[in-house]
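Now for the letters of each chain:
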Amino acid sequence: MPILDGDNVPTLEVSELNVRYGAVHAVRGVNLSVKAGEVVVVLGSNGAGKSSSLRAITGLTPSTGTVVWGGKDISSLRSFQRARLGIALVPEGRRVFAPLSVEENLELGAYGAGGAERRRRIAEVYELFPRLGERKKSLSGYLSGGEQQMLAFGRALAARPQLILMDEPSMGLAPSVVDIVMDSVKAIAQTGLGILMVEQNVTAALEVADRAAIIERGKVVAEDEAQNLREQPAVLKALLGSLATD
Ligand SMILES: Nc1ncnc2c1ncn2[C@@H]1O[C@H](COP(=O)(O)OP(=O)(O)O)[C@@H](O)[C@H]1O
Ligand SMILES: [Mg+2]
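Below is a short write-up of the structure. (Residues numbered from 1 in each chain as written. Chains lettered and ligands numbered in written order. Predicted model: local features only at pLDDT ≥ 70, side-chain atom pairs only at ≥ 80, totals over all residues. Heavy atoms only, no water.)

## Some remarks on the environment of Ser 79
Then step 1. Here Ser 79 lies in helix α2 (residues 79-84).
Then step 2. Between the alpha carbons of Ser 79 and Arg 55 there is a distance of 9.1 Å; along the sequence they are 24 residues apart.
Then step 3. In contact with Ser 79, other than residues within four places in its own chain, are Thr 58, Gly 59 and Leu 60. (Helix = DSSP H or I, 4+ residues; strand = E, 2+ residues; numbered from the N terminus. Contact = heavy atoms within 4.5 Å.)

Given below as structure tokens:
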């Protein structure tokens with residue numbers, strides 16, 4: 001992957017984000033920021049409001065509050081406009097287009113780029129995930145869960161985003177595959193992209209995170225450097241309550 005110029009990659013600043021579904025107040029005043037090259041992880045149990053937060057940031061779910069990207073308030077922009085500004089979502093359950101091949105999925109990700117540029121981007125995805133290169137002609141529906149997660153990540157990368165939001169990338173994957181996905185998250189952040197990841201897999205997420213926030217019932221209840229949480233398992237355990245760390 002080409003190294004982005006960190007100075008030119010915008011920062012994401014989310015303030016007072018609220019999401020309501022009728023009477024359900026799913027996200028309650030969440031504040032978050034992600035800088036270029038940074039991996040920020042939001043930990044929380046099922047139903048805590050993680051997906052709602054990510055979907056609100058991408059404009060897929062209506063919300064109130066402000067989302068500032070590169071100093072510009074994008075709160076009123078539609079999701080496709082936010083995507084054009086370089087914000088990509090890798091959704092929960094890694095929805096790849098099952099009837100399309102691996103390569104066709106990646107071509108969709110690079111949609112809008114000219115032929116040579118599109119091929120270059122796809123080649124870079126194969127470099128990051130050699131397994132996808134080996135299976136480029138396979139129909140995506142026949143891939144393993146881990147391969148589908150790599151493909152969903154690769155498809156997002158092929159759009160050349162500057163910020164990637166990832167919704168529980170480790171869900172349902174074998175530990176060895178979780179390691180591959182998390183290593184790739186780290187590698188991508190090192191090229192200068194910001195990554196905001198939500199996870200229930202505390203241990204795997206903290207290994208690659210720079211900062212972590214803990215969300216409970218729609219509210220951020222704690223925030224710290226990931227290193228502090230890695231080094232103080234007792235503190236982490238107390239903060240997480242019911243979320244398992246082992
Ligand atoms: N489309 C929806 N309509 C009504 N309630 C929803 C909808 N999506 C999510 N919720 C509710 O909002 C809360 C947060 O959900 P979600 O953001 O999916 O949590 P998480 O991703 O942390 O598991 C939950 O109580 C969930 O039931
Ligand atoms: Mg979710």
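## Topic: helix α3 (residues 102-109)
Residues spaced three or four apart along an α-helix face the same direction, because each turn holds 3.6 residues.
Then step 1. The set of residues buried in α3 consists of Val 102, Glu 103, Asn 105, Leu 106 and Gly 109. An end-on view of α3 places all buried positions within 160° of arc, on one side of the element. (Buried < 20%, exposed > 50% of the residue type's maximum accessible area, 1.4 Å probe, protein only. Arc of directions from axis to C-beta.)

## Details of the packing of α3 against helix α4 (residues 115-128)
Then step 1. The contact between α3 and α4 brings their axes to 10 Å, and the two run at 125°. As judged from the angle between their axes, α3 and α4 are oblique. Two packed elements cross with a definite hand, and for α3 against α4 that hand is right-handed. Along the contact surface, α3 presents Val 102, Glu 103, Leu 106 and Glu 107, while α4 presents Arg 118, Ile 122, Val 125 and Tyr 126.
Then step 2. Grouping the amino acids of the contact of α3 with α4 by side-chain chemistry returns 5 nonpolar, no polar and 3 charged. (Axes fitted to C-alpha atoms, helices over the stretch in contact; angles between N-to-C directions. Parallel < 35°, antiparallel > 145°, perpendicular 65-115°, else oblique. Left-handed = near helix turned anticlockwise from the far one by under 90°. Nonpolar A, V, L, I, M, F, W, Y, C, P; charged D, E, K, R; others polar.)

## Let's talk about the pairing of strand β7 (residues 163-167)
A regular strand carries its side chains on alternate faces of the sheet.
Then step 1. Of all 5 residues in β7, 5 are buried; the element is thus mostly enclosed.
Then step 2. Residue alternation in β7 divides its side chains into two sets, Leu 163, Leu 165 and Asp 167 and Ile 164 and Met 166, and both sets are buried.
Then step 3. Here strand β6 (residues 87-90) pairs with β7 via 4 bridges, running parallel. Bridging from a neighbouring strand, Leu 89 pairs with Leu 165 of β7.
Then step 4. Alignment of β7 against strand β8 (residues 194-199), held across 5 bridges, turns out to be parallel. (Pairing = 2+ DSSP bridges.)

## Description of the sheet that holds strand β2 (residues 24-34)
Then step 1. Strands sit in the order β2-β1-β4-β5 across an open sheet of 4 strands; the sheet is antiparallel. The outermost strands of the open sheet, each flanked by one partner alone, are β2 and β5 (72-73).
Then step 2. Relative to β5, strand β4 (residues 64-69) runs antiparallel, the two sharing 2 bridges. Bridge pairing in β5 links Trp 69 to Lys 72.
Then step 3. Helix α1 (residues 50-58) contacts β1 (12-21), β2 and β4 of the sheet and is inclined by roughly 115° relative to β1.

## Some remarks on the pattern of salt bridges
Then step 1. Considering all chains together, one arrives at 10 salt bridges under this definition.
Then step 2. A salt bridge links Arg 131 to Glu 134; the shortest N-O distance between them is 2.7 Å. Placement of the pair is Arg 131 and Glu 134 together in helix α5 (residues 130-134), with a separation of 3 residues, close to one helical turn.
Then step 3. Measuring nitrogen to oxygen at the nearest pair gives 2.6 Å for the salt bridge that ties Glu 147 to Arg 131. Residue Glu 147 is located in helix α6 (residues 145-158), and its partner Arg 131 is located in helix α5; the two are separated by 16 residues in the primary sequence.
Then step 4. Taken together, the shared-partner salt bridges in this structure form one network comprising Arg 131, Glu 134, Arg 135 and Glu 147. (Salt bridge = Lys/Arg side-chain N within 4 Å of Asp/Glu carboxyl O.)

## Section: the nonpolar core
Then step 1. Among the nonpolar cores identified, the biggest contains 46 residues, and Phe 153 and Leu 206 are the most heavily contacted of them.
Then step 2. Sort the elements by how many residues they give to this core and helix α7 (residues 175-190) lands first, with 7 residues.
Then step 3. Every residue in contact with Leu 206, bar those within four places of it in the chain, is listed here: Val 41, Leu 43, Ala 212, Ala 226, Leu 229, Arg 230 and Leu 236.
Then step 4. If you look at the next biggest cluster of nonpolar residues, it comprises 26 residues, including Val 14, Leu 54, Leu 165 and Val 198. (Core = buried A, V, L, I, M, F, W, Y, C linked by side-chain atoms within 4.5 Å.)

## Re the sheet that holds β6
The strands making up a sheet are joined through hydrogen bonds of the backbone, oriented either antiparallel or parallel.
Then step 1. On the basis of which strands lie adjacent, the open sheet formed by 6 strands has the order β6-β7-β8-β3-β9-β10 and mixed pairing. Only two strands of the sheet have a single partner each, and these edge strands are β6 and β10 (219-225). On average, each strand axis in the sheet is tilted by 15° relative to the strand beside it, whichever way the strands run.
Then step 2. Those strands touched by α6 are β6 and β7, and its axis lies near 170° from that of β6.
Then step 3. The sheet contacts of α7 involve β3 (39-43), β7 and β8, and relative to β8 the element is tilted by about 155°.

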